[in-house]
Amino acid sequence: MEKRVTFKGWLLPVLLLLPQIVVTAVFFFYPAGQAVWQSLFIPDPFGLKSQFVGLGNFQYLLNDPYYRASFVTTAVFSGLVTVVSMGMALYLALLADRLIKGSGTYRTLLIWPYAVAPAVAGVLWLFMFNTRVGVVSWYLGLLGYDWNHVLNDAEAMGLVVAASSWGRVSYNFLFFLAGLQAIPRSVIEAAAIDGAHFWTRFRTIVFPLLSPTTFFLLVVNIVYAFFETFGVIHTITSGGPQQATTILVYKVYKDGFVGQDLGGSAAQSVILLVVVGILTVIQFKFIERRVHY
Amino acid sequence: MAERSGMVEKRGAGHWFTHLGLIVGVLIIFFPIWLAFVASTVTQPEIVKPPMPLWPGGHFFENYRSALVSGINAPVARMLGNSLVMALGIALGKIAISLLSAFAIVYFRFPGRRLFFWLIFLTLMLPVEVRIVPTYEVVAGFGMLNSYSGLIFPLIASATATFLFRQFFMTVPDELAEAARVDGARPMRFFLDILLPMSRTNIAALFVILFIYGWNQYLWPLLITTDPQMNTIVMGIKQMFPSGDDVADWPVIMATSILAMVPPIVVVISMQNLFIRGLVDSEK
């Protein structure tokens, strides 16, 4: 797509582009290039010079049981966050869509946790389940369940999943509700006349028509769980117990800043870069298809 | 929508179950925030002797004043100010440079235009989390640690907004630029008098999204603000927890959490329609 009518000259457009070019070159392309470059070296312990190791860092990473475990942790974590937040959102959206009026009110009531930062969500959930003062963990204790996410891997994972999914429900709810309201009423009523009950209608009509929305949300939520949940992990578990909640982004931070392993951390960045690339391509392919609908 | 009645929407008992289901959902979503609010209005002894009360106490002003004025490492009022500068800087800065570059890409023909476009497009892909170590080194090299520019610039360096404005400019009728050219208007006149006013809604919608994005940043401020006076509120909360076995000052921490949530929530609720529009646009 091109404009037919354009202005003449080349100096003005270059000047207009300059701020963006400078900012992206200095704070984006240079660091990204550095990440790729550093991933090929191992600095000596004094940081004076580095030794070229080719793909050695990558080889080391892929053979490192901790890194592999972090991959599995990330997969489990993002899978759970996606399923929990989308499931809850779909359930609420289906209910809100059944209302003749008032769905707008519920939308207002449900929309705003989106604005709560993941790190703040982490603090709120940590407070509820804190082993010493948490209300929920205290009542669980009354029921005879001894909650301790500081020691128990599964409970730690459950807690970071809950905190990460919580604010995400709003976002998914908005898109599901919009998707549901775009489905023509007549189609659903025709099925109802034919005697199809709610579940049959949902399975055979509503869910298939909702699939573009669902697929879109699937990709977006996986990206969210991969990259934007750092705050939740850092506030609640700091990756623990041991490595149980160390997702990939957290490991980049931990190895690079806490462990000072620059080569390894840069190699991890490059691997993440490939992951983002793949997810973006999937997303764009999907959007192209939707445009041609 | 009165027509939306009939066999599909439930009446009677079913109708009430629908409301009940939604209300339960809303209550579950609200509960963590309610608890934080309650905790910010009671005293420390009431919290550390569980179970804490579930109804607000009478220490609201005391706790919030203590947080705002003295905080734990730095006054929370100071952290709120830092967050505000950062969020506004990111939102306004990104909108400004993106408007200019989108205008250049759409309305001019010049050598290397396609290259610029693809370079910008590439940045859509890479969140700051992925390139933290080298970006940190760049910022440290410029001496921008513990500064507002260090907080703002690396987060402006992506082209999502440029891409959005480009898409919008493409839908602006050619006749407008044609008329401006016939009238002998210079390109910047056209930009300021015609294009900018037309983009008002898009700019506002994007502002809402970017403001929340900037306000809620965590990892980046955590890395580059080692001076408590430069902490933003969202990252500062975690810094308020004591290391080791000491008991955290929960009322003050929870008051800070509430204060950290209020500005973005106010923005979302008060600009709800713009927000939804911005969300849908920015995901296209």
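What counts as what
- Residues numbered from 1 in each chain as written.
- Chains lettered and ligands numbered in written order.
- Predicted model: local features only at pLDDT ≥ 70, side-chain atom pairs only at ≥ 80, totals over all residues.
- Heavy atoms only, no water.
- Helix = DSSP H or I, 4+ residues; strand = E, 2+ residues; numbered from the N terminus.
- Buried < 20%, exposed > 50% of the residue type's maximum accessible area, 1.4 Å probe, protein only.
- Contact = heavy atoms within 4.5 Å.
- Areas by Shrake-Rupley, 256 points an atom, 1.4 Å probe, with all protein chains shown as cover.
- Lys, Arg positive; Asp, Glu negative; His and termini not counted.
- Charge placed at Lys NZ, Arg CZ, Asp CG, Glu CD.
- Buried area = accessible area lost by both parts, 1.4 Å probe.
- Salt bridge = Lys/Arg side-chain N within 4 Å of Asp/Glu carboxyl O.
- Polar contact = N/O pair within 3.5 Å; in protein donor to acceptor, adjacent residues only side chain to side chain.
- UniProt positions renumbered as here; feature names shortened; annotations may be inferred.
- Phe/Tyr/Trp six-rings, centres within 6.5 Å; stacked < 30°, edge-to-face > 60°.
- Domains from an automatic or database assignment.
- Nonpolar A, V, L, I, M, F, W, Y, C, P; charged D, E, K, R; others polar.
- 1 Å grid on protein atoms, 1.4 Å probe; cavity = no way out; pocket = protein on both sides within 12 Å on 5 of 7 lines; lining within 4 Å.
- Points joined across faces, edges and corners; volume = space filled by probe spheres on them.
- Patch = residues over 30% accessible without salt bridge, like charges linked within 9 Å, V, L, I, M, F, W, Y side chains within 5 Å.
- Axes fitted to C-alpha atoms, helices over the stretch in contact; angles between N-to-C directions.
- Parallel < 35°, antiparallel > 145°, perpendicular 65-115°, else oblique.
- Left-handed = near helix turned anticlockwise from the far one by under 90°.

### Details of the overall build of chain B
Turning to step 1, where the next piece is worked out: Within chain B, the secondary structure is distributed over 15 helices and zero strands.
Turning to step 2, where the next piece is worked out: Taking the principal axes of the C-alpha coordinates as reference, chain B spans close to 75 × 65 × 30 Å.
Turning to step 3, where the next piece is worked out: Expressed as a percentage of the 284 residues in chain B, the buried residues total 52%.
Turning to step 4, where the next piece is worked out: Pairs at least 24 residues apart make up 72% of the contacts formed inside chain B by residues separated by at least 6 positions.
Turning to step 5, where the next piece is worked out: Just so you have it, chain B exposes about 12,100 Å², and 67% of that area is on carbon and sulfur atoms.
Turning to step 6, where the next piece is worked out: Side-chain charges in chain B split into 19 positive and 17 negative, and the spacing between the mean points of these groups amounts to 7 Å.

### Section: the interface of chain B and chain A
Turning to step 1, where the next piece is worked out: In this complex, chain B contributes 118 residues to the contact, which on the side of chain A involves 102 residues.
Turning to step 2, where the next piece is worked out: Both sides together, the interface formed by chain B and chain A hides about 10,200 Å², and carbon and sulfur atoms give 76% of it.
Turning to step 3, where the next piece is worked out: At the surface where chain B touches chain A, the tally comes to zero salt bridges.
Turning to step 4, where the next piece is worked out: If you look at where chain B meets chain A, you find 11 residue pairs in polar contact (both at pLDDT 80 or more).
Turning to step 5, where the next piece is worked out: Ranked by residue count, the leading element in the side of chain B that touches chain A is helix H1 (residues 12-39) of chain B, at 17 residues.

### Regarding the UniProt feature "transmembrane region" (unreviewed entry) in chain A
Residues and elements named next belong to chain A.
Turning to step 1, where the next piece is worked out: The UniProt record annotates "transmembrane region" (unreviewed entry) at residues 12-30, 71-96, 108-128, 205-227 and 266-287.
Turning to step 2, where the next piece is worked out: Measuring from the first to the last C-alpha atom of residues 12-30 gives 25 Å, for a span that is 100% helix and 0% strand.
Turning to step 3, where the next piece is worked out: As annotated, residues 71-96 has a helix share of 100% and a strand share of 0%, and its two end C-alpha atoms lie 37 Å apart.

### So, the packing of aromatic side chains
Turning to step 1, where the next piece is worked out: Taken as a whole and judged by the stated rule, the model has 45 aromatic pairs over all chains.
Turning to step 2, where the next piece is worked out: Ring geometry for Tyr171 of chain A versus Phe175 of chain A: centroids 5.0 Å apart, planes at 40°, classification tilted. Placement of both Tyr171 of chain A and Phe175 of chain A in helix H7 (residues 153-181) is noted, with a separation of four residues, approximately one turn of the helix. Grouping residues by exposure puts Tyr171 of chain A and Phe175 of chain A together as buried.
Turning to step 3, where the next piece is worked out: Aromatic side chains Phe211 of chain B and Trp215 of chain B sit 5.9 Å apart centroid to centroid with 25° between the ring planes, which places their arrangement in the stacked category. With Phe211 of chain B and Trp215 of chain B both in helix H11 (residues 200-215) and four residues apart, this pair spans about one turn of that helix.
Turning to step 4, where the next piece is worked out: For Phe211 of chain B, a relative accessible area of 5% corresponds to the buried category.

### What about the domain arrangement of chain B?
Residue and element names in this part refer to chain B.
Turning to step 1, where the next piece is worked out: Taken domain by domain, chain B comprises domain 1 (12-69) and domain 2 (76-282).
Turning to step 2, where the next piece is worked out: Each of domain 1 and domain 2 has a C-alpha centre, and the two are 32 Å apart.
Turning to step 3, where the next piece is worked out: Listed per partner, the contact involves 15 residues of domain 1 and 15 residues of domain 2.
Turning to step 4, where the next piece is worked out: Across the domain 1 to domain 2 interface the summed buried area is about 1,200 Å²; carbon plus sulfur atoms make up 79%.
Turning to step 5, where the next piece is worked out: The largest contributions to the domain 1 side of the interface with domain 2 come from Gln44, Ala67 and Leu68, which together make up 41% of the buried area.
Turning to step 6, where the next piece is worked out: Summed over the shared surface of domain 1 and domain 2, the result is zero salt bridges.
Turning to step 7, where the next piece is worked out: Applying the counting criterion to the domain 1 and domain 2 interface returns five residue pairs in polar contact (both at pLDDT 80 or more).
Turning to step 8, where the next piece is worked out: Those elements that place two or more of their residues in the side of domain 1 that touches domain 2 are H1, helix H2 (44-48) and helix H3 (60-69).
Turning to step 9, where the next piece is worked out: No other element matches H3, which puts five residues into the side of domain 1 that touches domain 2.
Turning to step 10, where the next piece is worked out: Of the residues belonging to the side of domain 1 that touches domain 2, the class tally is 10 nonpolar, five polar and no charged.

### Considering the UniProt feature "transmembrane region" (unreviewed entry) in chain B
Residue and element names in this part refer to chain B.
Turning to step 1, where the next piece is worked out: Listed under "transmembrane region" (unreviewed entry) in the UniProt record, and renumbered for this structure, are residues 20-42, 84-108, 115-136, 148-169, 190-213 and 250-269.
Turning to step 2, where the next piece is worked out: Counted over residues 148-169, helix gives 86% and strand 0%. Its end C-alpha atoms are 31 Å apart.
Turning to step 3, where the next piece is worked out: The span residues 250-269 shows a helical share of 100% and a strand share of 0%, and its end C-alpha atoms are spaced 28 Å apart.

### Focus: empty space enclosed by the protein
Residues and elements named next belong to chain A.
Turning to step 1, where the next piece is worked out: By the definition in use, this model includes four cavities of 30 Å³ or more.
Turning to step 2, where the next piece is worked out: Each pocket or cavity is described by its volume, and for the second largest cavity that value is around 140 Å³.
Turning to step 3, where the next piece is worked out: Taken together, 11 residues make up the lining of the second largest cavity; nearest its centre are Leu94, Asp97, Arg98, Phe198 and Val206.
Turning to step 4, where the next piece is worked out: For the lining of the second largest cavity, the secondary structure elements donating two or more residues are helix H3 (65-98), helix H8 (185-193) and helix H9 (198-209).
Turning to step 5, where the next piece is worked out: Broken down by element, the residue count for the lining of the second largest cavity peaks at four residues, all from H9.
Turning to step 6, where the next piece is worked out: Its residues assigned to classes, the lining of the second largest cavity shows seven nonpolar, no polar and four charged.

### Some details on a nonpolar patch on the surface
Turning to step 1, where the next piece is worked out: Side chains of Tyr139 and Leu142 of chain A together with Phe31, Trp34, Leu54 and Trp55 of chain B sit close together on the surface and give an oily, nonpolar patch of about 640 Å² of accessible area.
Turning to step 2, where the next piece is worked out: Looking at the nonpolar patch, the elements that each hand over two or more residues are helix H6 (135-142) of chain A together with H1 of chain B.
Turning to step 3, where the next piece is worked out: A residue is classified by how much of its surface remains accessible, and Trp34 of chain B, at 31% relative accessible area, is partly exposed.

### Examining the environment of Phe168 of chain B
Turning to step 1, where the next piece is worked out: Examined against the element boundaries, Phe168 of chain B turns out to sit in helix H8 (residues 160-171).
Turning to step 2, where the next piece is worked out: Overall, the relative accessible area of 16% leaves Phe168 of chain B in the buried class.

### Regarding the UniProt feature "domain: ABC transmembrane type-1" (unreviewed entry) in chain A
Turning to step 1, where the next piece is worked out: Under the present numbering, the feature "domain: ABC transmembrane type-1" (unreviewed entry) in UniProt falls on residues 71-283 of chain A.
Turning to step 2, where the next piece is worked out: In this annotation, residues 71-283 of chain A is assigned 77% helix and 0% strand; the end-to-end C-alpha distance for the span is 21 Å.

### A word on the packing of H8 of chain B against H11 of chain B
All names here are of chain B.
Turning to step 1, where the next piece is worked out: Between H8 and H11, the least distance of the axes is 11 Å, while the angle of their chain directions is 160°. When the axes of H8 and H11 are compared, the pair comes out roughly antiparallel. At the point where H8 passes H11, the crossing takes the right-handed sense. Within the contact between the two elements, H8 uses Ala161, Leu164, Phe165 and Phe168 and H11 uses Asn202, Ile203 and Leu206.
Turning to step 2, where the next piece is worked out: By residue class, the composition of the contact of H8 with H11 is six nonpolar, one polar and no charged.

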